[in-house]
Every structure is written in structure tokens, then in C-alpha cells.
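Understanding the architecture of this molecule
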Amino acid sequence: MTGPLFSFTNKNRGYLMSDVTSIKSLLVPTKSTVLDVPGFTGFKVTVNFLTRDALANIRKKANTVNFSPRTRSTTESLNEELFIELYTKATIKNWEGLTYSHLANLAPVELPDGFDVEKEIPFSEENAINLMKSSSYFEGIITDAVTDLGVFTKNSKQKSEN
């Protein structure tokens, strides 16, 4: 079969799609979507799709190589703290609706008596990293979502970032 792969115009990229014959030219470096966190009404997280290459780069940055004089060989080990920080920064971009009552159901916390548990916790990279470190449930939700392309193609709120 000969001819163009596509026949519609992509105004955002500035070219006719009928002129595109390379898959590489169609790929975007990242794609974002808003994810409803199951079991937590109103808690939505903006996440980025994580490509295989992006995940490999994060692992590579978090690996350390040590030389053992006793065995005269090198060993690689994963710095888990650094990995979770890099992974969280790459995947979680924002959230809304995370309340202290939600947090109490995600991780062990101690709130003072009379504290307004419906107050929202603002998003910050530091808050996201701490939540990922302390809640295996939340970490599992994010990890499952960011490598599942279906999550990013089904959602109408998705955004491509260049």
C-alpha cells in the first residue's frame, strides 16, 4: 500500500498530517490526564504517562555503582529514596481535592482534636513525594496509571505537552 498514513490537518504541530510518514514525528514526549483516585470522592491527580525510556532514565539516575576491593568487581544498587523522588516528579503534576480525612485513610497521621479534616492539602512536589513514600495504596494507583496508555487515551481531559 502506498500513500499517506493520515489525511487530516494538525494545526498544533504546523503541518498536514498527510505529509507525515514517520511514527517518530507523531510521538509526543509526554501526555497528561486527570485521574480520579478510586475510593476518595473529589480527589483528582494530574499524572503524566511514563514511557519505557523515561522509566529507564529514572532508574539509571537512581542507580549507584560501587566497587568492592574485596571481590574486585562492581555492583549496582538502586537508591530507593532518589528513585521515588525522581519518579514522583516525573509522574505527578498536580492534585485537587486531597483532604486531611482522605490522607488519614491513605497513610497513618495524627490530627489534633477539632482539626478541620475537610480542609484541602495543597499540591507541592514535597507533599506528593511524602504521600508516595507513605501510602502503598496511592503509590500503586499512580504506578498502575502512569504506564497504562489506555488511561491517557480514554480521558477527554488529556493534554499533550511538548
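**Focus on the nonpolar core**
Phe43, Val45, Tyr87, Trp95, Leu131, Phe138 and Ile142 are the most contacted members of the largest nonpolar core, which has 30 residues in total. Listed by contribution, the elements that provide at least two residues to this core are β4 (44–48), α1 (52–62), α2 (80–91), β7 (92–96), α3 (100–106), α4 (125–134) and α5 (136–146). In terms of residue count, the dominant contributor to this core is α5 (five residues). Sequence-distant contacts of Ile142, defined by excluding residues within four places in its chain, comprise Leu35, Val45, Val47, Tyr87, Thr91, Ile92 and Met132.

**With respect to the packing of α4 against α5**
As a packed pair, α4 and α5 sit with axes 5 Å apart at the nearest point and diverge in direction by 105°. Judged by the angle between their axes, α4 and α5 are roughly perpendicular. Within the contact between the two elements, α4 uses Leu131, Met132 and Ser134 and α5 uses Ser136, Phe138, Glu139 and Ile142. Considered class by class, the residues forming the contact of α4 with α5 number four nonpolar, two polar and one charged.

**Let's talk about the side chain of Thr99**
Relative to the helices and strands, Thr99 resides in the loop between β7 and α3. Note on Thr99: relative accessible area 7%, which makes it buried. Every residue in contact with Thr99, bar those within four places of it in the chain, is listed here: Val117, Glu118, Lys119, Glu120 and Ile121.

**Observations concerning the packing of aromatic side chains**
Inspection of every chain in the model, using the stated rule, returns seven aromatic pairs. Ring geometry for Phe49 and Phe152: centres 5.5 Å apart, planes at 75°, overall edge-to-face. Here Phe49 is found in the loop between β4 and α1, whereas its partner Phe152 is found in helix α6 (residues 149–154), with 103 residues between them in sequence. One aromatic cluster is present, built from ring pairs that chain together Phe43, Trp95, Phe123 and Phe138.

**A word on the environment of Thr143**
Locating Thr143 in the fold gives a position in helix α5. A relative accessible area of 25% means that Thr143 is categorised as partly exposed. Put simply, Thr143 and Met132 are eleven residues apart on the chain and 10.0 Å apart in space, counted from C-alpha to C-alpha. Among the polar contacts listed, one links the side chain of Thr143 to the side chain of Tyr87, at a separation of 3.1 Å.

**Section: the confidence of the model for the protein chain**
Taken over all residues, the pLDDT of the protein chain has a mean of 84, while the share at 70 or more is 82%. In this model, residues 1–8 is a region of pLDDT below 50 whose contacts with residues beyond four sequence positions or in other chains number ten contacts.

**A few points about the packing of α1 against α2**
Running from amino to carboxyl end, α1 crosses α2 at an angle of 150°, the nearest separation of the two axes being 9 Å. Comparing the axis directions of α1 and α2 gives the class roughly antiparallel. Like other packed secondary-structure pairs, α1 and α2 cross with a definite hand, here right-handed. Contact residues: α1 offers Leu55, Ile58, Arg59, Lys61 and Ala62, while α2 offers Leu82, Phe83, Leu86, Tyr87 and Ala90. Classifying every residue of the contact of α1 with α2 by side-chain character gives eight nonpolar, no polar and two charged.

Calculation notes
Throughout this description, residue numbers start from 1 for each chain and increase along the sequence as written. It should be noted that, the model being predicted, local features are given only for residues of pLDDT at least 70 and side-chain atom pairs only at 80 or more, the latter also being counted only at that level, while totals for whole chains, interfaces and linings use all residues. Values reported for side chains reflect all heavy atoms of the structure, with hydrogen atoms and water molecules removed beforehand. Throughout, nonpolar core names a set of buried Ala, Val, Leu, Ile, Met, Phe, Trp, Tyr and Cys residues whose side chains join them through atoms within 4.5 Å. The classification of residues rests on relative accessible area computed with a 1.4 Å probe and restricted to protein chains. Under 20% of the type maximum is buried, over 50% is exposed, and intermediate values are partly exposed. Strands are runs of DSSP state E lasting at least 2 residues, helices are runs of H or I lasting at least 4, and numbering of each runs from the N terminus. Here, residues are in contact when the closest pair of their heavy atoms is within 4.5 Å. Note on method: axes are straight lines fitted to C-alpha atoms, helices fitted across the in-contact stretch only, with angles between N-to-C directions ranging 0 to 180 degrees. Angles below 35 degrees are treated as roughly parallel, those above 145 as roughly antiparallel, those between 65 and 115 as roughly perpendicular, and all remaining angles as oblique. Each residue is assigned to one of three groups, with Ala, Val, Leu, Ile, Met, Phe, Trp, Tyr, Cys and Pro labelled nonpolar, Asp, Glu, Lys and Arg labelled charged, and all others, Gly among them, labelled polar. We call Phe, Tyr and Trp rings a pair once their centres come within 6.5 Å, taking the six-membered ring for Trp, and we label the pair stacked below 30 degrees between planes, edge-to-face above 60, and tilted otherwise. What qualifies as a polar contact is a pair of N or O atoms within 3.5 Å, subject to a donor-acceptor requirement within protein and to the restriction that residues adjacent in sequence count only when both atoms come from side chains. pLDDT measures how confident the predictor is about each residue, on a scale from 0 to 100. Here a crossing is called left-handed whenever its near helix is offset anticlockwise from the far helix by less than a right angle, and right-handed whenever the offset is clockwise.

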